[in-house]
Amino acid sequence: MKIVTEFLLIFFISYLSSYSQLQLSDDKINVFILAGQSNMAGAANANKLSLKDIKDLENAQKNISFVNNGNKSVPLNVTIPPEWKRKKFQVDSCFGPEIFFGIELSKKYPNKKFLFIKRSKGGSSLYGSWNSNWTKEKAQYIGELNKPKLFYELINDVQRELSKYDKSDYQIMGMLWVQGESDSGQKWGPLPSDTYADNLKNLINNSRSILKSSKLPFMILQVGSKKIGNAMKQVSKELKNVTFITQNKDISSFNYLPRLEDNIHYNYFGMKKIGILFSNNFNKFNNNYKQ
């Protein structure tokens, strides 16, 4: 009986230890990784932010740091796009999912510290640039041979930024993924969309392995074609601690979130909703975390 009691005690302590690592901490920096293509980069017009939004962002800046595409860490803020992007989207400043994801987190957890590390690139595919098993043949097949190896750049960003801290000072809480449009079309044939589920599983598993976080929460926003959406949904069912965030119950008609005139990129209202969707799903996810 004593042996059984001691075993149960050890198991209980181990359980609490492993579980506590997935709870937002008051004492550590809570790290979120954001990755994807142009809708992760964001083209939502920051001039549309209301006075309340701006006040909420100012409050969020007190406890959220933001590293965007390898740049210096700054308080969470909107971004100044390059000249071509300003002309294309007619914006002086813009934002992606991180703004309202951060605002909602800071409202719910005002005493916690966060670090967002984002790597994004418009027009980038999972088959090529984001492929965690990148090969010259795959990149060449989809016309991205001379484009960045984004998965490796993201990992470098994360490792470089976290190397500034002691390992006891932070914990990686989740990864947000907004990508799929580039693998949806038929310009390069059906192969990118046919292999999307496998490539996404590889990206998740390799991220977890490299970052030494075997159960790293992974949140996927539904974008791209119906076929890509189904692949995302499949991955969320096959892997633990992966959530598929649908924009609509009917997966074949998910484009209801407001977009810009190009009908590809989300406007202020759409991007705000995406940030809130990520926040709501993170809270829901944490309640259903699988050991």
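Residues numbered from 1 in each chain as written. Predicted model: local features only at pLDDT ≥ 70, side-chain atom pairs only at ≥ 80, totals over all residues. Heavy atoms only, no water.

S.K.: Would you take a moment to explain the packing of helix α3 (residues 51-60) against helix α5 (residues 98-108) for this structure?
M.R.: Axes are the key here: two packed helices are described by the angle between their axes and the distance separating the axes. Relative to each other, α3 and α5 sit at 70°, their axes nearing to 9 Å. By the angle class used here, α3 and α5 are roughly perpendicular. Between α3 and α5 lies a crossing of left-handed hand. Mapping the contact onto sequence places K52, D53, D56, L57 and A60 in α3 and I99, F100, G102, I103, S106 and K107 in α5. (Axes fitted to C-alpha atoms, helices over the stretch in contact; angles between N-to-C directions. Helix = DSSP H or I, 4+ residues; strand = E, 2+ residues; numbered from the N terminus. Parallel < 35°, antiparallel > 145°, perpendicular 65-115°, else oblique. Left-handed = near helix turned anticlockwise from the far one by under 90°. Contact = heavy atoms within 4.5 Å.)

S.K.: Hey, could you run me through the packing of aromatic side chains in this one?
M.R.: Each aromatic ring pair is summarised here by two numbers: the centre-to-centre distance and the angle between the ring planes. What the rule picks out here adds up to 13 aromatic pairs. Summarising the aromatic geometry, the rings of F32 and F116 are spaced 6.0 Å apart at their centres and angled 85° between planes, so their arrangement reads as edge-to-face. You can see F32 sitting in strand β1 (residues 29-36) and its partner F116 sitting in strand β6 (residues 113-120), a full 84 residues away along the chain. By relative accessible area, which is 0% here, F32 ends up buried. Classification of F116 as buried rests on a relative accessible area of 0%. Across the ring face of W134, the terminal group of K149 is positioned such that the distance to the ring centre comes to 4.1 Å. (Phe/Tyr/Trp six-rings, centres within 6.5 Å; stacked < 30°, edge-to-face > 60°. Buried < 20%, exposed > 50% of the residue type's maximum accessible area, 1.4 Å probe, protein only. Lys NZ or Arg CZ within 6 Å of the ring centre and 35° of its normal.)

S.K.: What exactly am I supposed to notice about α5 here?
M.R.: Helical geometry note: an α-helix holds 3.6 residues per turn, so side chains three or four residues apart project in the same direction. Across the 11 residues that make up α5, a large majority, 8, are buried. All buried positions along α5 are accounted for by E98, I99, F100, F101, G102, I103, L105 and S106.

S.K.: It is not clear to me how a nonpolar patch on the surface should be interpreted in this structure. Could you clarify?
M.R.: A cluster of nonpolar side chains, namely Y141, W188 and L191, defines an oily patch on the protein surface of about 240 Å² accessible area. Turning to its location among the elements, Y141 is positioned in helix α6 (residues 136-141). Taking the relative accessible area as the measure of exposure, Y141 reaches 35% and is therefore partly exposed. (Patch = residues over 30% accessible without salt bridge, like charges linked within 9 Å, V, L, I, M, F, W, Y side chains within 5 Å. Areas by Shrake-Rupley, 256 points an atom, 1.4 Å probe, with all protein chains shown as cover. Salt bridge = Lys/Arg side-chain N within 4 Å of Asp/Glu carboxyl O.)

S.K.: Explain the side chain of T79 to me, please; I cannot follow it from the model alone.
M.R.: Mapping T79 onto the fold places it in the loop between β4 (74-75) and α4 (83-89). For T79, the residues in contact, after removing those within four places along its chain, are F66, N68, S93 and C94.

S.K.: Even after reading the chapter, I still don't get the nonpolar core, so can you show me in this structure?
M.R.: The nonpolar side chains of a soluble globular protein tend to be buried with one another. With 72 residues, the main nonpolar core has F32, F116, W177 and L200 as its most contacted residues. Apart from residues lying up to four places away in sequence, L200 is in contact with L126, W177, F218, I220, M232 and V235. (Core = buried A, V, L, I, M, F, W, Y, C linked by side-chain atoms within 4.5 Å.)

S.K.: Would you mind going over helix α10 (residues 226-238) with me for this structure?
M.R.: In a regular helix each residue adds 1.5 Å, so 13 residues correspond to 18 Å; α10 covers 18 Å between its end C-alpha atoms and thus fits that length. Of the residues making up α10, those classed as buried are I228, G229, A231, M232, V235 and S236. Across the axial projection of α10, the buried residues extend over an arc of 160°, all falling on one side. (Expected span 1.5 Å × (residues − 1). Arc of directions from axis to C-beta.)

S.K.: Any chance you could explain the pairing of strand β3 (residues 64-68) here in plain terms?
M.R.: For a regular strand, side chains alternate in direction, first toward one face of the sheet and then toward the other. Across the 5 residues that make up β3, a large majority, 4, are buried. Relative to β6, β3 runs parallel, the two sharing 5 bridges. Opposite V67, over in β6, you have I117 as the bridge partner. Pairing of β3 with β4, which is carried by 2 bridges, proceeds in the antiparallel orientation. In the sheet register, S65 faces β4, and the bridge partner there is P75. In this antiparallel pair of consecutive strands, β3 and β4, the connection spans 5 residues, and N69 shows a positive phi of 50°. (Pairing = 2+ DSSP bridges.)

S.K.: Help me understand the pairing of strand β8 (residues 218-221), please; the structure alone is not making it clear to me.
M.R.: Of the two faces of β8, the one holding F218 and I220 and the one holding M219 and L221 are both buried throughout. Two strands pair when backbone bridges link them, and strand β7 (residues 170-178) and β8 are joined in this way by 3 bridges, in the parallel orientation. Residue pairing for β8: L176 is matched across the bridge by M219.

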